Amino acid sequence: MDRFFDPGSVAVLGASNDPAKWGFWLSAGALKGTHRRRVHLINSRVASIQGEPTFPSLAELPETPELLVISIPGSGVPAVVDDALAAGVRAFLIISARVPGAAEVAQRIISAGARLIGPSSLGVVDASNDLLLAWGNFTPGSLAVVTQSGQLGTEIATLSARSGLGISRFASIGGQSDVRAAEILSSLVDDAATTQVVLYLESFTGGSALVSAMQALRAAGKPTMILTTGQSDAGARLARSHTGSLTSAIDTVDAACRAAGAIRLSTPGEAVELAGFLATSWLPAGRRIAVISDSGGQGAIAADRAESHGLRVTVLDALTRTRVAENLPHAGHIDNPIDLDGAGEADLSVHSRLVDALLADEAIDAVVLSGYFGCYGEDIPALLDAELAEVGRLSETVHSHRKPLIVHSMSADSQAVAALWENSIPVYTSIESVMRVVAGAGFYASHSGRITEALERSGPVTPWGTGYGAARDTISAAGVPVPRALTLSRGAELAEVVAGSDLTPPFVLKASWPAHKTELGAIALGLGNAAALEDAYVKMVGRLGEGEYIVEEMDTRDGAVEILVGGRQDENFGPIVMVGAGGTETELYGDTWLELAPVSHAEALDMVSRLTCYRLLTGWRGRRATDLDELAEIIVSVSRLIAGSNEIQEIEINPVRVTPDGALAVDALVVTNRDEDDSSNDSDSSTDNDSSTDNDSGSDNDSSSTDNPDKESR
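Predicted model, so just to flag it, every value in this text is computed and none were measured.

What counts and how
Residues numbered from 1 in each chain as written. Predicted model: local features only at pLDDT ≥ 70, side-chain atom pairs only at ≥ 80, totals over all residues. Heavy atoms only, no water. Pairing = 2+ DSSP bridges. Helix = DSSP H or I, 4+ residues; strand = E, 2+ residues; numbered from the N terminus. Axes fitted to C-alpha atoms, helices over the stretch in contact; angles between N-to-C directions. Contact = heavy atoms within 4.5 Å. Parallel < 35°, antiparallel > 145°, perpendicular 65-115°, else oblique. Left-handed = near helix turned anticlockwise from the far one by under 90°. Nonpolar A, V, L, I, M, F, W, Y, C, P; charged D, E, K, R; others polar. Core = buried A, V, L, I, M, F, W, Y, C linked by side-chain atoms within 4.5 Å. Buried < 20%, exposed > 50% of the residue type's maximum accessible area, 1.4 Å probe, protein only. Expected span 1.5 Å × (residues − 1). Arc of directions from axis to C-beta.

Asker: Would you explain the sheet that holds strand S24 (residues 549–553) in this entry?
Answerer: Paired through backbone hydrogen bonds, the strands of a sheet run either parallel or antiparallel to each other. The 4 strands lie next to each other as S21-S24-S22-S23, forming an open sheet whose pairing is antiparallel. At either margin of the open sheet sits one strand with a lone partner, and together these are strand S21 (485–488) and strand S23 (523–527). Going from strand to strand, the sheet's axes swing by 15 degrees on average, the running direction of each strand aside. Relative to S24, helix H20 (residues 467–477) is tilted by about 50 degrees, and along the sheet it contacts S21, strand S22 (507–511) and S24.

Asker: In this structure, what is going on with the packing of helix H6 (residues 181–188) against helix H7 (residues 207–219)? I would like to understand it.
Answerer: Each pair of packed helices can be described by the angle between their axes along with the distance between the axes. In contact at an axis separation of 9 Å, H6 and H7 are set at 15 degrees when each is read in the N-to-C sense. In terms of axis orientation, H6 runs roughly parallel to H7. For H6 against H7, the interelement crossing comes out left-handed. Across the interface between the two elements, Ala-181, Ala-182, Leu-185, Ser-186 and Leu-188 from H6 touch Ala-209, Leu-210, Ala-213, Met-214 and Leu-217 from H7. Tallied by class, residues from the contact of H6 with H7 come to 9 nonpolar, 1 polar and no charged.

Asker: Can you help me understand the sheet that holds strand S6 (residues 91–94) in this one?
Answerer: The mixed open sheet is built from 7 strands, whose spatial order is S3-S4-S2-S1-S5-S6-S7. Both outer strands of the open sheet, strand S3 (48–49) and strand S7 (115–117), are each paired with one neighbouring strand and no more. Two strands pair when backbone bridges link them, and strand S2 (residues 38–42) and strand S4 (residues 52–55) are joined in this way by 2 bridges, in the parallel orientation. If you follow Ile-42 over to S4, its bridge partner there is Phe-55.

Asker: Sorry if this is basic, but what is going on with unusual backbone geometry here?
Answerer: Most peptide bonds take the trans form, and the phi angle of most residues other than glycine is negative. Here Ala-597 and Pro-598 are connected by a cis peptide whose omega angle stands at 0 degrees. Among the secondary structure elements, Pro-598 is positioned in the loop between strand S27 (592–596) and helix H25 (601–609). Geometrically, the link from Asn-654 to Pro-655 is a cis peptide bond, its omega value of 5 degrees lying close to zero. When you line up the elements, Pro-655 lands in strand S28 (residues 648–659). Phi at Asp-341 takes a positive value of approximately 50 degrees, unusual for a residue other than glycine. Following the sequence through the fold, Asp-341 ends up in the loop between strand S17 (338–339) and helix H14 (343–346).

Asker: Help me out: how do you make sense of the nonpolar core in this one?
Answerer: For soluble globular proteins, nonpolar side chains are generally found buried alongside one another. Judged by nonpolar contacts, the single largest core of 54 residues is most densely connected at Val-69, Leu-133, Leu-185 and Leu-210. Per element, the largest residue contribution to this core is 6 residues, and it comes from helix H10 (residues 249–260). In contact with Leu-210, not counting residues within four places along its chain, are Ala-181, Ala-182, Leu-185, Leu-199, Leu-201 and Phe-204. Leu-132, Val-198, Tyr-200 and Val-438 belong to the second largest nonpolar core, which has 42 residues in total.

Asker: How should I be thinking about the pairing of strand S9 (residues 131–134) in this particular structure?
Answerer: Consecutive side chains of a regular strand alternate in pointing toward one face of the sheet and then the other. Note: strand S8 (residues 123–126) against S9, 4 bridges, orientation antiparallel. When the sheet's bridge partners are listed, Asp-126 is paired in S9 with Leu-131. As consecutive antiparallel partners, S8 and S9 are separated by 4 residues, and within that stretch Asp-130 has a phi angle of approximately 55 degrees, a positive value.

Asker: I'm lost on helix H17 (residues 384–401) in this one. Help?
Answerer: Side chains that are three or four residues apart share a direction in an α-helix, a result of its 3.6 residues per turn. Between the first and last C-alpha of H17 there are 26 Å, a value that for 18 residues agrees with the 26 Å anticipated at 1.5 Å per step. Every buried residue belonging to H17 is among Leu-384, Glu-387, Glu-390, Val-391, Leu-394, Ser-395, Thr-397 and Val-398, and all of these are buried. Seen along its axis, H17 keeps its buried residues to an arc of 165 degrees; they face one direction. Away from its buried face, by an angle of more than 90 degrees, H17 presents the exposed residues Asp-385, Glu-396 and Ser-400. Residues of H17 that are buried make contact with helix H15 (350–359), helix H16 (376–379), strand S19 (405–409) and helix H18 (415–422). After H17 finishes, the residue Arg-402 shows a positive phi value of roughly 55 degrees.

Read these as spatial facts, not as claims about activity.
Here it is in structure tokens:
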């Protein structure tokens, strides 16, 4: 990356004297680094630009530049690139947009062993190396910005400058034709000037490399904050994927962030807010906070906003209440939030004494001070020295406890506010910003990343067949418990096969091959004896013809909770495992959680605990708690199956019926590369040769279905 961020020489093609043109800003920026590198300005129409002589063409330069910056109309770029490659240029920064045949131009650059950022880049900046090849001015600092949207990246840089953070490195990567975000992120790991990174991406191609780069940044103590739109192009496989349709692209990005130890935010303002906190304060150990305010109203709003961000305004223990009461002798009662009720105006030092008492409590992870502090000296100059002295005492207290204090002040830029920032106490002008930052910092502190086990990818665990039978065999071989069953091959006599088995009723009968069983009458539930099974079989064969049929024992255990467990190959991040509320209401509730696969037993339990339906599993309204460990093992098995196979594209088990006595997978879908090949060659193949069951609704093996054998089912 040195070619782009610390080149020995730079040439600007399209240099200009017109401040309204890109060429002006690129020339001006490049010339600021002449003490560090050689700069050549190319323009055939004028003899000098900004006081420096120009060259009429690339061919007339005294040397081959290490980096060529191109800012000309897009139509002229292909020819210029060919000339530059012939001249030996090996690094291109293309600002130009609407380049005809841009993909082919990029490929010619790559094939020549050269590198490219752009087209449609808004430039690069490296403050430490005095490199400024972008529009505008950038304040040097510690925050690196890597962005697909140059304009949004510029907004982040502007906000960062206003906050006092400044920019260490800026890279507008455009469409990532060659140099991708992951490569630039990796280069920041050892960049001494960079302490934090903001990344904006619209596409996550090569997501696994991004995760690795962010993990390396986390290990280096450099937080990464991600912004994204959450929109991505879905491939043909994902479009037909039921598991994929239950989650969004944002869910997958969030899973990648958790694995990488990064944090996703929504706006540039949020990113810079959090960056200011992370650059200044200690991380909270948890989500328990105490609130001190000048008024009951501000305290109540603070508590409400805290809870909306998942923070806990904890009840004070007896010792802490006593210490607080000693400093507020006139308080009617002591609670959290704590209302100063005029005590601050009477004695400014009460702030630091209360903060000390609260931070000393092991059950409190952070303190929020909300209201008038920061305004005393601004409104009453005679109180300025006392307020600044109190800032010093607050700083000593915070450093002593090594816990965060965050201030919501009604002043934006008083001397006290500036002093608070200088003393490692972040200050914000809205309580919403405060709580958002505390929650974000808490998330970041509790998600340090994890190294996902890299499994050796192999072929299928069993020879592939077709239909539900093959899917069932696949998950069973991977360790997922399934009901006892028998398979009726084409032309088999049901009575003989059943008589030779030890299956017990009630039975479920399924035609193995149809993707949508209900519409075709390809499933019969709650068959109470052999006669009922025989009758259902004769009718089903009459409707559908000969083929593979499956007879299973119906799971009739009481107290079952239906859970969906699935996995798929994400087009960007690779294998994903998902858990969610299962059954017929899966789509309705949308209660899901996913992680990059594979996961451990502990990680699987954590996934389940994130579900809204988790309370059903742990004993809702007096019910017995279910076997969470066996459910977790099923999640682990599916995660390893999807992560370890070259052929499996998607797995869905819905439902897994979880009871106090264990878990049982009573329906399954497995989609493989072969299925995709078949569907591309035969648009009707899903009707007669699909390794799946009907995944449009709920359970086909549920004791609740016994009253209505024709109930719509999976």
